[in-house]
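Observations on chain architecture
Residue-level listing of the chains:
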Amino acid sequence: MDLKKWRQELASVLNGLCREIRVDDAVIDWADIVIEQTGGAGRCPAHAHTWYEFNYVLSGRMQTRFMDKDVMVREGEFFLIPPGMTHSHIYYRDDPHEGVCFRWRFRPVSGTRPDAGGQGLFERLSLLKDWPPGAYRDDYGIRPLLVQLFHEAEAGRSPLYLQLLLVQFLEILTSIPGSGRLAIAEPGETKDALVRKVEIYLEDFHGERLNVEELAASLHMSYGHLSRLYKRKTGRTLIEEMNRIRLAKACELLLKPELLVKEVAEQSGFPDIYYFSKAFKKKHGVSPQAYRKQHLGREEPRQGQRH
């Protein structure tokens, strides 16, 4: 098992798998598939994120703090971090860890109802949100599956085949046997991995105050470094991208006449209505009120929407 070689040679292949797939009644959005080699001492500060994160230690050790609980994770052990759980990591120079990290999120297939009996994949995956913090010994065959994934990727197996192995990994996690119906989304253009993770994070923060330091910490880097990388890769600043996503959301909400403009601003994640109105007019050339009038025709706004 040559992790260094796989890390160097398989990065583009693994990044290419980071896209949406449909399995039974769930759409799984893979955000990251990473072979990790720390190589020295270090810390990752406390943070939380909006996706699931799975870490498997193949060699060495690392310490993870789940909220107020410190856990040493050693070779052959893994942990799962549900969305919203605050955690941090410590790495050791005398016993550096090597491992695998998966990050993903999921949603039900549009137009379908979750299986009330708990047999659909969406319902089974939803149970992972209550996963207890801690290190778990691998008695489930996860390591051989990970090694198979990298061997098959090295051998040039098709993305469909590799996606099936990822689905098998999720089935192991849910501890419920069964197979789903898999349909790969249209490949299109694979985005840069960092850009994709940032966009996923920002999209999941609609209606909330985004802390950019937490965003950087969730990606295991400083805000300054993240900001420079993102600007270099996209030509946009993080604030510009955040406003783009929020303004797109605002356009949708303005078509709901029952909402006050102030409520649209809040649900889109803007700190106040004045900043929202200024940003909206700069982007669309008209005020939010004028945009609503143009698109709703004769629909009259409720009292209080002119603010």
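Scroll up for the structure.
On a predicted model such as this, the values are computed, not experimentally measured, just so you know. (Residues numbered from 1 in each chain as written. Predicted model: local features only at pLDDT ≥ 70, side-chain atom pairs only at ≥ 80, totals over all residues. Heavy atoms only, no water.)

**As for the overall build of the protein**
Cut-off, in case you're wondering: Under the scheme used here, helices are H or I runs from DSSP no shorter than 4 residues and strands are E runs no shorter than 2 residues, and both carry numbers assigned from the N terminus. Note on definitions: a residue-residue contact is assigned when non-hydrogen atoms from the two residues lie within 4.5 Å. Only the protein chains shown count as cover for residues, with accessible areas throughout obtained via the Shrake-Rupley method and a probe of 1.4 Å.
Across its full length, the protein holds 12 helices and 11 strands. Counted over contacts in the protein with a minimum sequence separation of 6, partners at least 24 positions apart contribute 73%. For the protein, the accessible surface area stands at approximately 15800 Å², while carbon and sulfur atoms represent 49% of it.

**A closer look at helix α4 (residues 142-154)**
Basically, it comes down to this: Given the number of residues in a helix, its expected span is that number minus one, multiplied by 1.5 Å. Throughout, exposure labels follow a simple rule: accessible area from a 1.4 Å probe, protein chains only, divided by the maximum for the residue type, with under 20% read as buried, over 50% as exposed, and the rest as partly exposed.
The end-to-end C-alpha distance of α4, which contains 13 residues, comes to 19 Å, matching closely the 18 Å that a straight helix rising 1.5 Å per residue would cover. Within α4, the full set of buried residues consists of Ile142, Leu145, Leu146, Val147, Leu149, Phe150, Glu152 and Ala153. In the segment just after α4, Gly156 is the residue with positive phi, at about 85°.

**Some thoughts on the packing of aromatic side chains**
This is how the line gets drawn: Any pair of Phe, Tyr and Trp rings, taking the six-membered ring for Trp, is counted once the centres come within 6.5 Å. Such a pair is stacked with planes under 30 degrees apart, edge-to-face with planes over 60 apart, and tilted for the rest. Two thresholds decide whether a charge sits over a ring: the Lys NZ or Arg CZ must be within 6 Å of the ring centre and within 35 degrees of the ring normal.
Counting across every chain of the model gives 22 aromatic pairs. A ring pair is formed by Trp30 and Trp104, whose centres lie 5.7 Å apart and whose planes are at 50°; its orientation type is tilted. Note that Trp30 is positioned in strand β2 (residues 26-37) and Trp104 in strand β9 (residues 98-108), a separation of 74 residues in sequence. For the pair Trp30 and Trp104, one class covers both residues: buried. One residue, Arg61, lies across the ring of Tyr92, its end atom 4.0 Å from the ring centre. Between Arg157 and the ring centre of Tyr161, over which it is positioned, the NZ or CZ distance is 3.8 Å.

**Considerations on the packing of α4 against helix α5 (residues 159-174)**
Rule in force here: Fitted lines through C-alpha atoms give the axes, limited to the stretch in contact for helices. The angle between two N-to-C directions lies from 0 to 180 degrees. Angular relationships are summarised with four words: roughly parallel below 35 degrees, roughly antiparallel beyond 145, roughly perpendicular across 65 to 115, and oblique for the angles in between. Put simply, Ala, Val, Leu, Ile, Met, Phe, Trp, Tyr, Cys and Pro go in the nonpolar bin, Asp, Glu, Lys and Arg in the charged bin, and everything else, Gly too, in the polar bin.
Closest axis-to-axis distance for the α4/α5 pair is 10 Å, and the angle between their directions is 170°. By the angle between their directions, the pair α4 and α5 is classed as roughly antiparallel. Of the residues in α5, those touching α4 at Ile142, Leu145, Gln148, Leu149, Glu152 and Ala153 are Tyr161, Leu162, Leu165, Leu166, Gln168, Phe169 and Ile172. Among the residues making up the contact of α4 with α5, the classes are represented as 10 nonpolar, 2 polar and 1 charged.

**Observations concerning the pairing of strand β6 (residues 69-74)**
To be explicit about the condition: Any two strands between which DSSP finds at least two bridges are classified as paired.
The sheet contact formed by strand β5 (residues 61-66) and β6 spans 6 bridges and is antiparallel. Counted as the bridge partner of Gln63 is Met72 from β6. What sits between β5 and β6 in their antiparallel hairpin is a turn of 2 residues, with Met67 showing a positive phi close to 55°.

**Observations regarding the pattern of salt bridges**
Condition: Just to be clear on terms, a salt bridge is a Lys or Arg side-chain nitrogen sitting within 4 Å of an Asp or Glu carboxyl oxygen.
Taken as a whole and judged by the stated rule, the model has 13 salt bridges. Between Lys5 and Glu154 there is a salt bridge whose closest N-O contact spans 3.2 Å. Of this pair, Lys5 sits in helix α1 (residues 3-9) while Glu154 sits in helix α4, placing them 149 residues apart in sequence. A salt bridge links Arg105 to Asp29, with the nearest nitrogen and oxygen atoms 3.1 Å apart. In this pair, Arg105 sits in strand β9 while Asp29 sits in strand β2, placing the two residues 76 residues apart along the sequence.

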